[in-house]
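# Tertiary structure, described
What follows is each chain in one-letter form.
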Amino acid sequence: MDIMYDETVKIILLGNVSVGKTTFCNVLKKKEFNYNYHSTIGVDFHTIYYKKNKKYRIQVWDTAGQEKFRSLVSCYFKKTDLIIIMFDINDIQSYNDIIYWREFANIHANPHSPIILLGNKTDLVERADMEKIRNYADMQKMPLHIMSVKTNKNFDDLLNLIIDNLPFNIMGKKEEPVITPQKGCCVIQ
Ligand code: GDP
Ligand code: MG
């Protein structure tokens, strides 16, 4: 089925192993959102269609297996519109590593990409120092969203936050990154 949309949005999910990135994609798949799944040369994209003022085609990339596709990753990263750093509010290491993922994004991603912090697993006992995380998010000007991707029925708040933070919605235009072609570098549409 060919679905009409006004904008394509490319999002990358970053975060430690086991914070819930794949579950997030799988849960989105089961929602009433129109959902497609593509597997292109070993990289999986999850495509969601979402309407807020305009119709968006949102491509979410779960970064599992990134080591295998390093050159592909670096090309795709430069074309992202937004990055989500996911952590598990019950896993101290995963929120200590937010800084690592932030630096990783700074080095590899489109510098115009805003970063949303997504704290997952609110259905479990909270171990994180949320005050500290809120302060860090404020300081770094990163919007913070807390949820359980397993039990939450509603992803609209998060999707609206994504849409509201898109550079072309804030600045009125899409910033195209400068990409230096590399050997073995693929361009994904
Ligand atoms: P990934 O490595 O970041 O892709 O993490 P996964 O999506 O594979 O999830 C790791 C584990 O966390 C799995 O057992 C999931 O069922 C579980 N999980 C993911 N999201 C939640 C959540 O919101 N609440 C709870 N309790 N478990 C979750
Ligand atoms: Mg995974």
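This structure is a prediction, so every number in the text was calculated from the model and none was measured.

### Concerning unusual backbone geometry
Its identity as a non-glycine residue notwithstanding, serine 18 has a phi of 80 degrees, on the positive side. Here serine 18 lies in the loop between β1 (7-14) and α1 (21-30). Even without being glycine, asparagine 53 reaches a positive phi, approximately 65 degrees. Residue position: asparagine 53 is located in the loop between β3 (43-52) and β4 (54-62).

### A short note on the environment of lysine 52
Note that lysine 52 resides in strand β3. Spatially, the C-alpha atom of lysine 52 lies 9.4 Å from that of aspartate 164, the residues being 112 residues apart in sequence. Every residue in contact with lysine 52, bar those within four places of it in the chain, is listed here: Asn160 and Ile163.

### Observations regarding the site of ligand 1
Ligand 1 sits among 16 residues. The nearest are Gly20, Lys21, Thr22, Thr23 and Lys150. Per-element tally for the shell around ligand 1: the top contributor is α1, with three residues. When its residues are assigned to classes, the shell around ligand 1 shows five nonpolar, seven polar and four charged.

### Some points on the pairing of strand β5 (residues 82-88)
In terms of burial, β5 is largely enclosed, as seven of its seven residues are buried. Neither face of β5 is left uncovered, since the one carrying Leu82, Ile84, Met86 and Asp88 and the one carrying Ile83, Ile85 and Phe87 both have all their residues buried. Examined bridge by bridge, β1 and β5 share four bridges and lie parallel to one another. Looking at the pairing, isoleucine 11 lines up with leucine 82 of β5. One ladder, built from six bridges, connects β5 with strand β6 (residues 115-120); its direction is parallel. Its bridge partner being in β6, phenylalanine 87 is matched across the sheet by glycine 119.

What counts and what doesn't
Residues numbered from 1 in each chain as written. Chains lettered and ligands numbered in written order. Predicted model: local features only at pLDDT ≥ 70, side-chain atom pairs only at ≥ 80, totals over all residues. Helix = DSSP H or I, 4+ residues; strand = E, 2+ residues; numbered from the N terminus. Contact = placed C-beta atoms within 7 Å. Near = placed C-beta within 6 Å. Nonpolar A, V, L, I, M, F, W, Y, C, P; charged D, E, K, R; others polar. Buried ≥ 20, exposed ≤ 12 C-beta atoms within 10 Å, placed from the backbone. Pairing = 2+ DSSP bridges.

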